[in-house]
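# Structure assessment
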Amino acid sequence: MISFSGVSKSYPGGFEALRGVSFSIAAGEFVCLSGHSGAGKSTLIKLVAALELPTRGTVLVNGQNTAALRPRSAPYYRRNFGVVFQDHKLLFDRNVLENVLLPLRIAGVEAKEAAKRARAALDKVGLLTKEKAFPVTLSGGEQQRLAIARAVVHRPPVLLADEPTGSLDAAYSDAILDIFRAFHQVGMTIIMATHDESIPRGGPVRVLRLRQGTLMS
Amino acid sequence: MKSWISHHRHSLAESLRRLGGAPLANLFNVLVIGVALSFPLGLYLGLSNLQALSARFSGDPELGIFLAADADKADASQLEARLKAHPAVARARFVPKGEALEDLKRATGLADLVETLGRNPLPDGFVVLPKQRDPRELAGLGREIAGWPKVAHVQLDSEWAGKLDAILRLGQGLVLLLAGLLGFALVAITFNTIRLQVLTRREEIQVSKLIGATNAFIRRPFLYFGTLQGLAGGGIGLLLLYAGPLFLNRSVAELARLYASDFRLLLLSIPDGLAVLGFSAALGWLGAWLSMARHLREIDPR
């Protein structure tokens, strides 16, 4: 479903985030990208969602070469993914429910149906009682869960999560991993970037280790 | 289709909310647009009034023919026959010198002055109504008649109307020029407002793009905003334009009464008003569209 072949990405200034990375991921897999910060995890996630393009090599997703995406079709391509960004990218001028409604509005889901689905997503992450709250009033863990709700509300086939447990203590991390496992069980492909120590134990999880932009076996 | 309509409704509601959200700043924007629009509109209205005025006074063009002082009755009736036989003349009326003097007394209130003259200084004359209204043909006819014996002078009544017409045409050119410039200003104002909005909502736009919003989706509320702002500006412009003549009409009526006329200032017609609203809304939309085309490219996730 997702395959990288010989993918390198360098940024202006010469920094090489990824060097000749090749792998493939089948639909329905739960993949953990592990490695220290700066190992290239975020870059890899952005390459999958075509938020970045490879400098060399090709990224193929469902047979679509991301470098060949036309600007017109890029938005529709991105809707195949739910992305949990490292910095959440919540909108602080609107409440919890409205944050979750955004992807549905973008996808053109009719208002009533959208509200129903948004509440269902909030329910899954345990934020249903806070739908009127503004993101600033939420704790770090709650903001993280809100970001997850927004990422999955439009039921994307692939969930990309960039250090979703990064700044959380163990109890919160476990709660979030449980949420991910639940999504995985209903068939979602999950690619999660994480520090080595918080790789979920148990369950069918595949680990891809990155070190300084290269993939360890 | 349903979701498309619902998004349009949502965009419109959001734009209205944003217009109301910063009432003072938006009010000033709208006022600037309104005042800018009212200039060419006011000039246009002024011109229409002048045109109406000139149409009132010029009416049908007439030729005034003054006979030489030594012309007698026989000369006059000979001339009358000749005028009436002329193919370019529709009607010719003889005005004897006595009648002309009475007219002068009546029309100007100079009776006292005329009494002191002792004798009638006016010559006999004709008022000729030509078949053609074309100023050049009129001038030709005037010249021809001026060459006839016993004709001292031919006065072309429509001469001043022609001059006024030329001035009015110049004014119309000026209106177009001014409308063009201020229309451009409207586009520029909207461009700038939208630019500021894009800057303040940069994050939202960025996030929307990251999670798959099309440019059209992002553009839509801004386009609505620009259009609404233009529309509101047009509304203010019209308001100023209606308020102005109402304010002036009293003095105009007073002035007209002194000149024994019932002339009143014309207001902008309803189709014209609607056209102004449509035009300003379209220019607002254009400004917003240009602004979005420019700034959306800067906020690309790649």
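This is a predicted model, so every value here is computed, not measured.

All names here are of chain B. Interaxial distance between helix α8 (residues 202–210) and helix α9 (residues 215–258) falls to 10 Å at its minimum, and their mutual angle equals 150 degrees. Judged by the inter-axis angle, α8 sits roughly antiparallel to α9. In this structure, α8 crosses over α9, and the sense of that crossing is right-handed. On the side of α8, the interface is formed by Ile-205, Ser-208 and Lys-209, while α9 contributes Asn-215, Ile-218 and Phe-222. Residue composition of the contact of α8 with α9, by class: three nonpolar, two polar and one charged.

Let us look at the domain arrangement of chain B. Structurally, chain B comprises domain 1 (2–57 + 162–296) and domain 2 (62–157). Centre-to-centre separation of domain 1 of chain B and domain 2 of chain B, based on C-alpha positions: 53 Å.

Listed per partner, the contact involves 23 residues of chain A and 19 residues of chain B. With both sides pooled, the region where chain A packs onto chain B buries about 1900 Å², and carbon together with sulfur makes up 61% of that total. The largest contributions to the chain A side of the interface with chain B come from Arg78(A), Arg105(A) and Ile106(A), which together make up 29% of the buried area. Here chain A and chain B share one salt bridge between them.

Our next topic: the nonpolar core. Counting 52 residues, the largest nonpolar core has Ile2(A), Phe4(A), Leu44(A), Phe81(A), Leu160(A) and Ile218(B) as its most contacted members. In terms of residues, this core owes the most to one element, α9(B), which gives six residues. Listed in part, the 36 residues of the second largest apolar core include Ala133(A), Val152(A), Leu159(A) and Met188(A).

Residues and elements named next belong to chain A. One ladder, built from six bridges, connects strand β1 (residues 2–10) with strand β2 (residues 16–25); its direction is antiparallel. Each residue of the ladder has a partner; that of Ile-2, found in β2, is Ile-25. Linking β1 to β2, which pair antiparallel, is a turn of five residues; within it Gly-13 sits at a positive phi near 105 degrees.

Scanning all chains against the criterion turns up 16 salt bridges over all chains. Arg56(A) is the partner of Glu16(A) in a salt bridge, and the nearest nitrogen-oxygen pair spans 3.4 Å. In this pair, Glu16(A) sits in strand β2 while Arg56(A) sits in strand β4 (residues 56–61), placing the two residues 40 residues apart along the sequence. A relative accessible area of 27% places Glu16(A) in the partly exposed class. Residue Arg56(A) is classed as partly exposed on the basis of its relative accessible area, which comes to 47%. The salt bridge partner of Glu204(B) is Arg201(B), with a shortest N-O separation of 2.8 Å. Linked by salt bridges that have partners in common, Asp93(A), Arg94(A), Arg201(B) and Glu204(B) make up one network.

Residue and element names in this part refer to chain A. Within helix α1 (residues 41–48), six of the eight residues are buried, which leaves the element mostly enclosed by the surrounding structure. Within α1, the full set of buried residues consists of Lys-41, Thr-43, Leu-44, Ile-45, Leu-47 and Val-48. In the stretch just after α1, Ala-50 is the one whose phi turns positive, near 60 degrees.

A separate point is the pairing of strand β8 (residues 189–194) of chain A. In the case of a regular strand, side chains alternate between the two sheet surfaces. Residue and element names in this part refer to chain A. Within β8, six of the six residues are buried, which leaves it mostly tucked inside the rest of the structure. Residues Thr-189, Ile-191 and Ala-193 line one face of β8 and the alternating positions Ile-190, Met-192 and Thr-194 line the opposite face, and both faces are buried. Relative to β8, strand β3 (residues 30–34) runs parallel, the two sharing five bridges. Each bridged residue has a counterpart across the sheet, and for Leu-33 the counterpart in β8 is Ala-193. Note that strand β7 (residues 158–162) and β8 share five bridges and pair parallel. Paired with Leu-159 across the two strands is Ile-190, which belongs to β8.

It is worth spelling out the packing of helix α3 (residues 96–107) of chain A against helix α5 (residues 140–152) of chain A at this point. Helix-helix packing is described using two parameters, namely the angle between the two axes and the distance between the axes. All names here are of chain A. Taken N-terminus to C-terminus, the directions of α3 and α5 make an angle of 30 degrees; their axes are 7 Å apart at the nearest point. Here α3 is positioned roughly parallel relative to α5, judged by the angle of their axes. The element α3 and its partner α5 pack so that their crossing is right-handed. Each of Val-96, Asn-99, Val-100 and Pro-103 in α3 lies in contact with α5, whose residues at this interface are Leu-146, Ala-149 and Arg-150.

Cut-offs and rules
- Residues numbered from 1 in each chain as written.
- Chains lettered and ligands numbered in written order.
- Predicted model: local features only at pLDDT ≥ 70, side-chain atom pairs only at ≥ 80, totals over all residues.
- Heavy atoms only, no water.
- Axes fitted to C-alpha atoms, helices over the stretch in contact; angles between N-to-C directions.
- Helix = DSSP H or I, 4+ residues; strand = E, 2+ residues; numbered from the N terminus.
- Parallel < 35°, antiparallel > 145°, perpendicular 65-115°, else oblique.
- Left-handed = near helix turned anticlockwise from the far one by under 90°.
- Contact = heavy atoms within 4.5 Å.
- Nonpolar A, V, L, I, M, F, W, Y, C, P; charged D, E, K, R; others polar.
- Domains from an automatic or database assignment.
- Buried area = accessible area lost by both parts, 1.4 Å probe.
- Salt bridge = Lys/Arg side-chain N within 4 Å of Asp/Glu carboxyl O.
- Core = buried A, V, L, I, M, F, W, Y, C linked by side-chain atoms within 4.5 Å.
- Buried < 20%, exposed > 50% of the residue type's maximum accessible area, 1.4 Å probe, protein only.
- Pairing = 2+ DSSP bridges.

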